[in-house]
Amino acid sequence: MMLVRRFYDIKLAQASYLVGALDTGEAVVIDANRDIDQYVRAAAEEGVRVTHVTETHIHADYLSGSRELAAETGATLLLSDEGGPGWRYAFAEESRAVLLKDGDSFDVGSVRIDVMHTPGHTPEHLTFLVTDTQAATEPLAALTGDFIFVGDVGRPDLLERAARMAGTMDAAARTLFHSVQRFKKLPDFIQIWPGHGAGSACGKALGAVPQTTLGYERRFNWAFKVADEQSFVDQVLAGQPDPPRYFAEMKRLNRTGPQRLSDVPAPPHLPAEALDRLLATGALVIDTRSADDFAAGHVPGTINIALNKAFTTWAGWLVPYTSDFYVIADGVDATTLDETRKDLAMIGLDRLAGYFFWDDLVARRQDLETTAQIDVEELATRVRAKTVHVLDVRSDAEWREGHIAGAQHIPLGELRDRIAEVPNDRTIAVHCMGGTRSAIAASLLQAEGLPHTVNFAGGFNAWHAAGLTSGSAATAG
């Protein structure tokens, strides 16, 4: 009989799968991330071995572990050969990969995997139809990667907006429409096992439940109910979230072949006195403590990206791939440090050159800086009196839906590059929707020499809840 294990990285909102055949003890891993040990352990627990490794497409939001997993286990690596010359894996020949096209199939013991080319999100995208041949003659499930999600479909604009391939998103949206039309002809009973869940930037309205069926999506997924191609194109391109900056780097690395995680050196624990020397040279030092702890006291010149659910996303936006960086971990042990290193590794941020423990630093410093907080009543008063400059770091889509009149808009992901646009002769009140992004932004401003920065932690949610009309500062209060 067939077995299935689902793996889910909550910070990436990313799912991968192990599908095995107990009759032969073989298994395939689909869409492995860089933490390959989890798949090897799971296979051993289930009494199978990883004999095949494949993936639905060249991923943009995390670093693939497929090549490394295949090399580690001796498994056959299977990769898409669809999409044209520009979308072939550069490492396929060196890795002796089997190349897959629409209509191909391969067997994992008594489990048959049929290959369906489903372009649109990317040109080379594949969907895998899974049949347990000991129990059925038709597929049980479809591993849809970034093609079909619960309640949504994969965005077709990433090549243009993240990889800067101008003029591609309209054509990709039309291709996606036809992929959906083809896919919807399959039986309603087919389960859909998607590659992402709620919180992923690979779509705009992904559901939080782990799987669905084609019949359910046919009834309730907007993309299956739009019969007109142009209407589909308009709807799928409207309101997509800003793609994180690191997506383009992930595309490049995943196509050319990422470095083996086992080859990445462990960063050293640095003495506390080294921090000032690093900051004096302009080094990027990230304090991973909570936003509240950082606001209460931090080393001047450091920035705050809290080790929470959003850590991976904002590290990918703000940390460059071309230079070394350093982190400050909470506490005095390796627990949070290990989590930080893993999260950074998932998106290929391998140039972590050293780390500090906060408890070591705080005992030796007298110069800690704080970040003032401001509530909605005080902000409204100061907006009316014109004694504060409001900086909105939300996305373009959020800004268009409503904003504080007179505010300056710079999305958080662009702030490091656009600091010079922020006035430095008055108090800056920075806000987002609910406080997470504004805490990061405030730390960036302070680190860049804008000390008169306050964080409106309540954000636009608090502004709206207080009945303050967006678009007119005169109505504040």
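Residues numbered from 1 in each chain as written. Predicted model: local features only at pLDDT ≥ 70, side-chain atom pairs only at ≥ 80, totals over all residues. Heavy atoms only, no water.

Caption draft 1: Representation of the sheet that holds strand 6 (residues 98-100). Taken in spatial order, the six strands of this open sheet run 1-2-3-4-5-6, and their pairing is mixed. The open sheet terminates on both sides in strands that have one partner only, identified here as strand 1 (2-9) and strand 6. The sheet shows a mean angle of 25° between the axes of neighbouring strands, direction not considered. The pairing of strand 5 (residues 76-80) with strand 6 spans three bridges and is parallel. Residue pairing across strands places Leu79 opposite Leu99, the latter belonging to strand 6. Across the sheet, helix 1 (residues 37-46) is in contact with strand 1, strand 2 (14-21), strand 3 (26-30) and strand 4 (49-54); its angle to strand 1 comes to roughly 150°. (Pairing = 2+ DSSP bridges. Helix = DSSP H or I, 4+ residues; strand = E, 2+ residues; numbered from the N terminus. Axes fitted to C-alpha atoms, helices over the stretch in contact; angles between N-to-C directions. Contact = heavy atoms within 4.5 Å.)

Caption draft 2: View of helix 11 (residues 311-318). The buried fraction of helix 11 is high, at seven of eight residues. All of the buried residues in helix 11 are Phe311, Thr312, Trp314, Ala315, Gly316, Trp317 and Leu318. (Buried < 20%, exposed > 50% of the residue type's maximum accessible area, 1.4 Å probe, protein only.)

Caption draft 3: Structural view of the pattern of salt bridges. All told, the structure shown has 30 salt bridges when counted by the stated rule. Close ionic contact of Glu339 with Lys11 constitutes a salt bridge, the shortest N to O distance being 2.5 Å. One end of the pair, Glu339, is in helix 12 (residues 335-346); the other, Lys11, is in the loop between strand 1 and strand 2, and 328 residues separate them in sequence. Asp417 serves as the salt-bridge partner of Arg245, at 2.8 Å between the closest nitrogen and oxygen. (Salt bridge = Lys/Arg side-chain N within 4 Å of Asp/Glu carboxyl O.)

Caption draft 4: Representation of unusual backbone geometry within the structure. One non-glycine residue, Ala13, lies in positive phi territory at about 50°. Take Ala13: it is sitting in the loop between strand 1 and strand 2. Taking relative accessible area as the criterion, Ala13 reaches 1% and is therefore assigned buried. At Arg96, a position not held by glycine, the phi torsion is positive, near 55°. For Arg96, the position within the fold is in the loop between strand 5 and strand 6.

Caption draft 5: Looking closely at the side chain of Ser438. Inspection of the secondary structure assignment puts Ser438 in helix 17 (residues 436-447). Discounting chain neighbours no more than four positions away, the residues touching Ser438 are Val393, Val430, His431, Cys432, Asn455, Phe456 and Ala457.

Caption draft 6: Inspection of a negative patch on the surface at higher detail. Residues Asp292, Asp293, Asp330 and Asp359 make up a contiguous surface patch of negative charge. Tracing the sequence through the fold places Asp293 in helix 10 (residues 291-296). (Patch = residues over 30% accessible without salt bridge, like charges linked within 9 Å, V, L, I, M, F, W, Y side chains within 5 Å. Areas by Shrake-Rupley, 256 points an atom, 1.4 Å probe, with all protein chains shown as cover. Lys, Arg positive; Asp, Glu negative; His and termini not counted. Charge placed at Lys NZ, Arg CZ, Asp CG, Glu CD.)

Caption draft 7: Structural view of the nonpolar core. The biggest cluster of nonpolar side chains holds 50 residues, and the ones touching the most others in it are Ile305, Phe325, Leu391 and Leu415. Core analysis: the next-biggest nonpolar cluster, separate from the first, contains 25 residues, Val29, Ala42, Val48 and Ala92 among them. (Core = buried A, V, L, I, M, F, W, Y, C linked by side-chain atoms within 4.5 Å.)

Caption draft 8: Molecular detail of the sheet that holds strand 22 (residues 428-431). A sheet is described by the order of its strands in space; here five strands give the open sequence 19-23-22-20-21, paired in parallel fashion. Edge positions in the sheet fall to strand 19 (372-373) and strand 21 (408-409), since each of these pairs with one other strand and no more. Judged from the two bridges that link them, strand 20 (residues 389-392) and strand 21 form a sheet pairing that is parallel. Bridging from a neighbouring strand, Asp392 pairs with His409 of strand 21. Sitting on the sheet, helix 17 touches strand 20, strand 22 and strand 23 (453-455), and the angle it makes with strand 23 is about 170°.

Read these as spatial facts, not as claims about activity.
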